[in-house]
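A structural walkthrough
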Amino acid sequence: MKFRPLHDRVLIRRAEAETKTAGGIIIPGTAEEQPTEGVIIAVGNGYVNDNGDVRALDVKEGDKVIFKKWGSDEITVDGEELLVMKESDIIGVIAA
């Protein structure tokens with residue numbers, strides 16, 4: 001990996017979008033909604049507060065998470081579309 005997020009940011013690989021409903025109806029690509037869950041593939045060093053102290057992040061590489069719909073920036077790393085967001089934009093971790 002050639003990208004390391006800074007401070008309280010994380011790098012996420014978004015989950016694949018569903019292409020079929022539970023009833024078997026195929027969803028066209030233009031109507032698909034982007035999933036709001038994914039897997040963390042890299043984390044920054046931690047949140048830096050006003051005193052300069054660093055607080056470690058609550059999430060780690062490999063965690064499956066749910067995040068806010070509009071809280072991320074899309075980037076391309078090694079030809080793959082990934083998301084960068086602050087830890088505070090993550091709603092929660094999905095238990096394995």
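Read on for a plain summary of the structure.

So, how was this worked out
- Residues numbered from 1 in each chain as written.
- Predicted model: local features only at pLDDT ≥ 70, side-chain atom pairs only at ≥ 80, totals over all residues.
- Heavy atoms only, no water.
- Pairing = 2+ DSSP bridges.
- Helix = DSSP H or I, 4+ residues; strand = E, 2+ residues; numbered from the N terminus.
- Axes fitted to C-alpha atoms, helices over the stretch in contact; angles between N-to-C directions.
- Patch = residues over 30% accessible without salt bridge, like charges linked within 9 Å, V, L, I, M, F, W, Y side chains within 5 Å.
- Areas by Shrake-Rupley, 256 points an atom, 1.4 Å probe, with all protein chains shown as cover.
- Salt bridge = Lys/Arg side-chain N within 4 Å of Asp/Glu carboxyl O.
- Buried < 20%, exposed > 50% of the residue type's maximum accessible area, 1.4 Å probe, protein only.
- Contact = heavy atoms within 4.5 Å.
- Core = buried A, V, L, I, M, F, W, Y, C linked by side-chain atoms within 4.5 Å.

1. With respect to the sheet that holds strand E5 (residues 64-67)
Spatially, 6 strands are ordered E6-E7-E1-E2-E5-E8 in an open sheet, and the strand pairing comes out antiparallel. Because the sheet does not close on itself, it has two edges, and the strands there are strand E6 (72-77) and strand E8 (90-94). The average undirected angle you get between the axes of adjacent strands in this sheet is 45 degrees. As judged from the 6 bridges shared by E6 and strand E7 (residues 80-86), these two strands associate in the antiparallel manner. Counted as the bridge partner of Val-77 is Glu-80 from E7.

2. Focus on a nonpolar patch on the surface
Nonpolar side chains collect at one region of the surface, where Ile-66, Ile-91 and Ile-94 lie side by side and expose about 240 Å² of accessible area between them. By the element assignment, Ile-91 lies in strand E8. Looking at Ile-91, the relative accessible area reads 61%, which means it is exposed.

3. Quick look at the pattern of salt bridges
Pairing between side chains becomes possible if they bear opposite charge and their charged atoms approach one another. Within the structure shown, the criterion is met by 6 salt bridges. The partner of Arg-14 in a salt bridge is Glu-74, and the shortest N-O contact between them spans 3.8 Å. Of this pair, Arg-14 sits in strand E1 (residues 9-14) while Glu-74 sits in strand E6, and the two are 60 residues apart along the sequence. Given a relative accessible area of 56%, Glu-74 falls into the exposed group. Asp-63 is the partner of Lys-60 in a salt bridge, and the nearest nitrogen-oxygen pair spans 3.0 Å. Residue class for Asp-63 comes out buried when judged on its relative accessible area of 10%.

4. Description of the side chain of Asp-89
Residue position: Asp-89 is located in the loop between E7 and E8. Beyond its immediate chain neighbours, meaning those up to four positions away, Asp-89 contacts Phe-67, Lys-68 and Gly-71.

5. Some details on the nonpolar core
Of all hydrophobic cores here, the largest spans 10 residues; its members are Val-10, Ile-12, Ile-40, Leu-57, Val-59, Val-65, Phe-67, Leu-83, Met-85 and Ile-90. When contributions to this core are tallied by element, the ones reaching two or more residues are E1, E5 and E7.

Just distances and angles here, no functional claims.
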